[in-house]
Amino acid sequence: MEVLDRVSEHIDAPSWRVWFEGTRPVDLREDRLEISVPNSFAKEYIEGRFKGLLEEALDSALGAEDSSLIVSIEGPEARGVRRENGRNNDGNGGMDGAEVVRNARTPRPFKAKYTFDTFVIGAGNRFAHAAAMAVAETPGVVYNPLFIYGGVGLGKTHLLHAVGQYVEEQDPTSGIRYVTCENFTNDFINSVRDNAPLDFQRRYRENDVLLIDDIQFLEGKIETQEAFFHTFNALYEENKQIVITSDRHPKYIPTLEDRLVSRFEWGLVTDIQPPDLETRIAILRKKAMMDKLEVDDEVLTFIASKVSTNIRELEGALVRILAYSSLYGRQVSVPLAEEVLKDILLDAAYREIPVELIQHEVCRYFGVAKADLVGQSRSKPFAYPRQVAMYLCRELTDESLPKIGRAFGGRDHSTVMHATSKIANLINSDRDVFNQIHEITYQIKSKR
Ligand code: ADP
Ligand code: MG
């Protein structure tokens, strides 16, 4: 019920009364809330208009990330007594009934809070933000396609929704399509199954702006890549704007066809880097402000200093502390924050990667013995894996250069530095090396 109360703050009183009176919570299990409504009409309307809002409120009430709302019907309908139509029902019928149903069928794909206004700009995302803004102002004119890449939870989806909502606001008639790569793939597969290629083409080509999220999932899907290639060309030729996000640079998505990679590079490829401390504090401040919460800067700074690589986790940490404080009636303070984040912090310490693990996995990957990896031989079959291992130690641990050198048969810090920069350069110039490092890193992380 608390969730419903929160949501009521965002909805004007008359709509609230019309749609939510008679609604009751049925079941809350993990991150799934089930509510019941009196009829299918209310169900459609609530799902169409308020699902996003309710799920967001649920996310923040539960400190979850992807909670879901299930709306079920309770009353005569559920027992099999059907009304003839949606009209003669407790005063919600008539003209706006039709309107309502139409809305319900095409729920807006955008999260209301993912706008440019709520996006905090910092060194790591300044360029991506400016490019997204430019594209939103004049779609199809400046950078086409715009390709934004970066790690998890750094604001790619946020920017993509912001572009969509901005364009929609400027020109409500423009055709905007936002899909995740997964939606696109499923749509394509269904169109093949239903033998309806033209429907698929129409759906994707009759847009002024196409926003595709997480394109890295095209990896390995040759047919879908083909479909995407044609969609891309059709839109591009008509100067329709395409914005794409990915967790990495297109040239590092294995099996992504070269012709797609080069198409992506026709426009602007830009990255988002993790936010620095100042930006993290600013993001928390903004979040607190948006949710009308009073939190001391000291506490925000503490959270920002502890959670550094993922903005979703950063916000999650704040939500958790606040939930804890209201649950136990305790004042929000640094000691409280410390207590609540204890397991996150412990987790981070626990997850520290030992140098031995890196060495072990590198040996396994290249099929060399540990003695050779840390031995004195400079022949290539040993030297290269050794350099990779040193590079990974720099990347994945906090160990100092001299300490890493010592772990590799007493080499000095300049050797480690040389190896690190050599591999870093190779990663940037050689796709095979990139994939190799990616694979080994994955192996290491999955074992810690
Ligand atoms: P990604 O798609 O890169 O994994 P998201 O766009 O889903 O990341 O962002 C994760 C969360 O962090 C979202 O709640 C988003 O609103 C928030 N966020 C990310 N970047 C910013 C920013 N610069 N300012 C404010 N909030 C941000
Ligand atoms: Mg995303």
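Here, the structure is the one placed above.
As a starting point, this report considers the structure included with it. (Residues numbered from 1 in each chain as written. Chains lettered and ligands numbered in written order. Predicted model: local features only at pLDDT ≥ 70, side-chain atom pairs only at ≥ 80, totals over all residues. Heavy atoms only, no water.)

With respect to the environment of Leu-260
Looking at the secondary structure, you find Leu-260 in helix 10 (residues 258–264). We classify Leu-260 as buried; its relative accessible area is 0%. Sequence-wise, Leu-260 and Glu-226 are 34 residues apart; in three dimensions their C-alpha atoms are separated by 9.1 Å. Once residues within four sequence positions are removed from consideration, Leu-260 is found in contact with Leu-218, Gln-225, Phe-228 and Phe-229. (Helix = DSSP H or I, 4+ residues; strand = E, 2+ residues; numbered from the N terminus. Buried < 20%, exposed > 50% of the residue type's maximum accessible area, 1.4 Å probe, protein only. Contact = heavy atoms within 4.5 Å.)

Some points on the nonpolar core
Ranked by size, the top nonpolar core spans 29 residues in total, and within it Leu-392, Phe-408 and Ile-437 carry the most contacts. Counting residues per element, the ones that place at least two in this core are helix 16 (355–366), helix 18 (380–396), helix 19 (401–407), helix 20 (413–429) and helix 21 (431–447). Of all the elements, helix 18 adds the most residues to this core, at 7 residues. Beyond its immediate chain neighbours, meaning those up to four positions away, Leu-392 contacts Ile-358, Val-362, Thr-397, Ile-437, Ile-440, Thr-441 and Ile-444. (Core = buried A, V, L, I, M, F, W, Y, C linked by side-chain atoms within 4.5 Å.)

Observations concerning the site of ligand 1
Not every one of the 17 residues close to ligand 1 is listed here, only the nearest: Val-120, Gly-153, Lys-156, His-158 and Arg-312. Within the side chain of Tyr-114, one N or O atom sits 3.5 Å away from an oxygen atom of ligand 1. Leu-154 places a main-chain nitrogen or oxygen 3.2 Å from an oxygen atom of ligand 1. Notes on ligand 1: free accessible area 560 Å², of which the protein chains cover 94%. Every element with two or more residues in the shell around ligand 1 is listed here: helix 6 (156–170) and helix 13 (311–328). Residues that form the shell around ligand 1 fall into these classes: 7 nonpolar, 7 polar and 3 charged. (Near = heavy atom within 4 Å. Polar contact = N/O pair within 3.5 Å; in protein donor to acceptor, adjacent residues only side chain to side chain. Areas by Shrake-Rupley, 256 points an atom, 1.4 Å probe, with all protein chains shown as cover. Nonpolar A, V, L, I, M, F, W, Y, C, P; charged D, E, K, R; others polar.)

Here we look at empty space enclosed by the protein
Inspection of the entire model under this criterion finds 1 cavity of 30 Å³ or more. The calculated volume of the largest cavity comes to roughly 50 Å³. Residue lining of the largest cavity: 13 residues in total, with Asn-125, Gln-273, Pro-274, Pro-275 and Ile-311 positioned closest to the centre. In terms of residue class, the lining of the largest cavity is made up of 7 nonpolar, 5 polar and 1 charged. Formed jointly, the lining of the largest cavity draws a minimum of three residues from each of two domains, domain 2 (116–271) and domain 3 (277–349). (1 Å grid on protein atoms, 1.4 Å probe; cavity = no way out; pocket = protein on both sides within 12 Å on 5 of 7 lines; lining within 4 Å. Points joined across faces, edges and corners; volume = space filled by probe spheres on them. Domains from an automatic or database assignment.)

Section: the packing of helix 11 (residues 277–290) against helix 13
Following both chains from N to C, one finds helix 11 and helix 13 inclined at 50 degrees, their axes separated by 10 Å at the closest point. Overall, the two elements helix 11 and helix 13 adopt an arrangement that is oblique. Crossing of helix 11 over helix 13 shows right-handed handedness. Facing helix 11, whose interface residues are Arg-280, Ile-283, Leu-284, Lys-287 and Ala-288, helix 13 presents Ile-311, Leu-314, Glu-315, Leu-318 and Val-319. Among the residues making up the contact of helix 11 with helix 13, the classes are represented as 7 nonpolar, no polar and 3 charged. (Axes fitted to C-alpha atoms, helices over the stretch in contact; angles between N-to-C directions. Parallel < 35°, antiparallel > 145°, perpendicular 65-115°, else oblique. Left-handed = near helix turned anticlockwise from the far one by under 90°.)

Purely geometric stuff here, so don't read any function into it on its own.
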